[in-house]
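Structural overview for review
This is what each chain is made of:
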2 protein chains.
Amino acid sequence: MEIIHSIEDMLEKINQLKKSNKQIGFVPTMGFFHDGHTNLMEKAKKDNDIVVTSIFVNPLQFGPNEDYEQYPRDEEKDKLRAEEVGVDILFIPDAKDMYPNKRIIELSIKGRIDVLCGKSRPGHFEGVITVLTKLFHIVQPNKVYFGMKDAQQLAVVSALLNELNFPIELVGVPTIRERDGLAKSSRNVHLNNEEREEAAWLYKALLQGQQLVVDGELNPDIIVKEVSDTIINQTNGVIDYVEIFSYPKLQPITVIDQPVILALAVHFQHARLIDNLIFDKRGQLINHL
Amino acid sequence: MEIIHSIEDMLEKINQLKKSNKQIGFVPTMGFFHDGHTNLMEKAKKDNDIVVTSIFVNPLQFGPNEDYEQYPRDEEKDKLRAEEVGVDILFIPDAKDMYPNKRIIELSIKGRIDVLCGKSRPGHFEGVITVLTKLFHIVQPNKVYFGMKDAQQLAVVSALLNELNFPIELVGVPTIRERDGLAKSSRNVHLNNEEREEAAWLYKALLQGQQLVVDGELNPDIIVKEVSDTIINQTNGVIDYVEIFSYPKLQPITVIDQPVILALAVHFQHARLIDNLIFDKRGQLINHL
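Residues numbered from 1 in each chain as written. Chains lettered and ligands numbered in written order. Predicted model: local features only at pLDDT ≥ 70, side-chain atom pairs only at ≥ 80, totals over all residues. Heavy atoms only, no water.

For chain A, an unreviewed UniProt entry supplies the name Pantothenate synthetase and the organism Virgibacillus alimentarius. Here chain A is described in UniProt, under the heading Subcellular location (unreviewed entry), as follows: "Cytoplasm". Within the UniProt record for chain A, the comment given under Catalytic activity (unreviewed entry) is "(R)-pantoate + beta-alanine + ATP = (R)-pantothenate + AMP + diphosphate + H(+)". (UniProt positions renumbered as here; feature names shortened; annotations may be inferred.)

**What to know about the interface of chain B and chain A**
Taken together, the contacts link 29 residues of chain B with 29 residues of chain A. Counting the surface lost from both chain B and chain A, the interface buries some 2,600 Å², and carbon and sulfur atoms represent 57% of this. For the chain B face of the interface with chain A, the top three residues by lost area are B:Ile104, B:Ile105 and B:Glu163, together amounting to 27%. Run the count over chain B and chain A and you get two salt bridges. Among the ionic pairs, A:Lys110 bridges to B:Glu106, the shortest N-O distance being 4.0 Å. Applying the counting criterion to the chain B and chain A interface returns 17 residue pairs in polar contact (both at pLDDT 80 or more). At the level of elements, helix 1 (7-19), strand 5 (105-109), helix 5 (124-139) and helix 6 (151-163) of chain B are the ones that each hand at least two residues to the side of chain B that touches chain A. Taken together, the residues of the side of chain B that touches chain A sort by class into 13 nonpolar, seven polar and nine charged. Here strand 5 (residues 105-109) of chain A runs beside strand 5 of chain B; their pairing, made up of five bridges, is antiparallel. Paired with A:Leu107 across the two strands is B:Leu107, which belongs to strand 5 of chain B. (Contact = heavy atoms within 4.5 Å. Buried area = accessible area lost by both parts, 1.4 Å probe. Salt bridge = Lys/Arg side-chain N within 4 Å of Asp/Glu carboxyl O. Polar contact = N/O pair within 3.5 Å; in protein donor to acceptor, adjacent residues only side chain to side chain. Helix = DSSP H or I, 4+ residues; strand = E, 2+ residues; numbered from the N terminus. Nonpolar A, V, L, I, M, F, W, Y, C, P; charged D, E, K, R; others polar. Pairing = 2+ DSSP bridges.)

**A few points about the relation of the copies chain B and chain A**
Rotating chain B by 180° about the axis while translating it 0.0 Å along that axis superimposes it on chain A, leaving an RMSD of 0.0 Å. The two molecules are tied by a two-fold rotation axis, judged by turn and shift. Within chain B, B:Leu107 has its C-alpha nearest the rotation axis, a separation of 2.3 Å. In this assembly the copies share their binding face: 100% of the residues contributing to the interface of chain B also contribute to that of chain A. (Least-squares fit on C-alpha atoms with pLDDT ≥ 70 in both.)

**Description of the nonpolar core**
Of all hydrophobic cores here, the largest spans 111 residues; its most connected members are A:Val52, A:Phe136, B:Val52 and B:Phe136. Apart from residues no more than four positions distant in its own chain, A:Phe136 is found in contact with A:Phe26, A:Pro141, A:Val144, A:Phe146, A:Leu160, A:Leu161, A:Phe166 and A:Ile168. One finds B:Leu191, B:Val227, B:Val260 and B:Leu273 within the second-largest nonpolar core, a separate group that totals 25 residues. (Core = buried A, V, L, I, M, F, W, Y, C linked by side-chain atoms within 4.5 Å. Buried < 20%, exposed > 50% of the residue type's maximum accessible area, 1.4 Å probe, protein only.)

**So, unusual backbone geometry**
In this model, A:Tyr247 is joined to A:Pro248 through a cis peptide bond whose omega is 10°. Secondary-structure assignment places A:Pro248 in the loop between strand 8 (238-246) and strand 9 (260-267). Positive phi, close to 50°, is recorded for A:Gln140, a residue that is not glycine. Within the secondary structure, A:Gln140 is located in the loop between helix 5 (124-139) and strand 6 (143-147). Overall, the relative accessible area of 23% leaves A:Gln140 in the partly exposed class. One non-glycine residue, B:Asn165, lies in the positive phi region at around 60°.

**A word on the packing of helix 2 (residues 35-47) of chain A against helix 3 (residues 75-85) of chain A**
All names here are of chain A. Where helix 2 contacts helix 3, the two axes come as close as 9 Å, and the packing angle between them is 35°. As helix 2 runs across helix 3, the sense of the crossing is right-handed. Every residue of helix 3 that contacts helix 2 at Asp-35, Thr-38, Met-41, Glu-42 and Lys-45 is listed here: Arg-81, Ala-82 and Val-85. (Axes fitted to C-alpha atoms, helices over the stretch in contact; angles between N-to-C directions. Left-handed = near helix turned anticlockwise from the far one by under 90°.)

**A closer look at helix 8 (residues 220-234) of chain A**
All names here are of chain A. Over its 15 residues, helix 8 runs 21 Å from end to end, which matches the ideal 21 Å to within 8%, given 1.5 Å per residue. Here helix 8 has its buried residues at Pro-220, Ile-223, Val-227, Ser-228, Thr-230 and Ile-231. For helix 8, the arc enclosing every buried residue in end-on projection is 155°, short of the 170-degree limit, so these residues lie on one face. Relative to its buried face, helix 8 has exposed residues pointing more than 90 degrees away, namely Asp-221, Lys-225, Ile-232 and Asn-233. Turning to helix 8, the residues buried within the fold contact helix 7 (193-214), strand 8 and strand 9. For helix 8, the N-terminal cap is Asn-219; the gap from its side-chain oxygen to the backbone nitrogen of Asp-221 is 2.9 Å. (Expected span 1.5 Å × (residues − 1). Arc of directions from axis to C-beta.)

Here's what the structure looks like:
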């Protein structure tokens, strides 16, 4: 595995790879890898000649009350895991190279962001699409990989790529789960034993909601109520939201007549967990974008 | 010469060219070609394997009081001239394909635009950088060509490419001129005979200003005064602006201690003409970016 820090070296390397017609798969990350990340890399490995993974904790996507400095980092462990998975190039640029001057070009997004987790993170997705635009120009991938666990991010990236005609295919990778269904997350370690058992109900509740649609229920309010009741009854978690929106536009709907996302966020004592299912109006899971 | 209208066909074509490692030069235009345009195409022809020219009258860069519908168009004549010059691919997308939906991703620019011609065209350069970002993603050129006559546009494109790490080289092509020095422009035909003769003084006045710097004058006010006086004394034109800014940042300066642009805009009866010179602190012309 090659580790590249400088943007210039990366451009040079990509230029070489392009000349020999290599298909490049790209997994942009903020590092501190867990199984969700390596799953994306493995998927990229299957689809492409070359897998590039970037590690960049992007200051631009942290709000004033969010802790950029405290974001967990473990570069040495990340290097080992990336190498194990077969990543070809690990790109770790410096913040001062990514943002060398006062910026005058700004990217903004006017939809898909004022709901779900984006609601409480103003400016977050502007930071995300700015850094991704830069990384996409440097790495010039054929395909990029994002987890469906962060479905809002996937919806935002989808708009970015489509509207600006990036010549890049977006691959949404299904959430990987523990044996009891809990979505894998680095936050799961902050659950105590009791919470950890209860947390499996988040996924079970989502499946119940989906089953209602399979059975013909098209009223989102009824589904949200059912999912919420299950979580309230089966866990000590505090619901942040349980919501249904059209997907990927993330607009409110009054009837399930199109692809939707059923998403939730639940606070436990030391961890806020998120999960979601995306399915069509017949309740069939959509496992790609 | 191949003429391509659909974005999808263009992506397919570029994909093929990339696979055979062709170097692509790109000249984005709004059509209605004059010598300034064909000069860019000729330059691109010399530097690259393949020249792509686009014709797209971009609705996004016209203000509410600017006439998008009345912008001059002559596609048939443009095709002949492009073919003559040796353009390989003429890309003429439809507005409804370039902007199919309500847009939610927006590009904006916070500097270099509130001076010179940009001052009176709010929103113009946002439209320019948005369409260029889209075109750059579709055409994926190695080099792009812009005339130095529109030096503000060049400065804006330079910021766009640098800040967002586009893997594209920007080539600024020196203004081509009539034998008496008047910058070539499709607007020159709107000058009457007397005005046409007077108009040569615009360039002469710029050269006078430059000569002052060569002679050691570093005070921009004195240079602006000299250039303005010449235009007032030698023409019946009405000055819109004569200004000096740092280049390419386009910031006000009190002393010429860095590369600068000396730019002017002058109204004649039926034509507003612009011109500029870019030179360093010793008055040496800068003919590239």
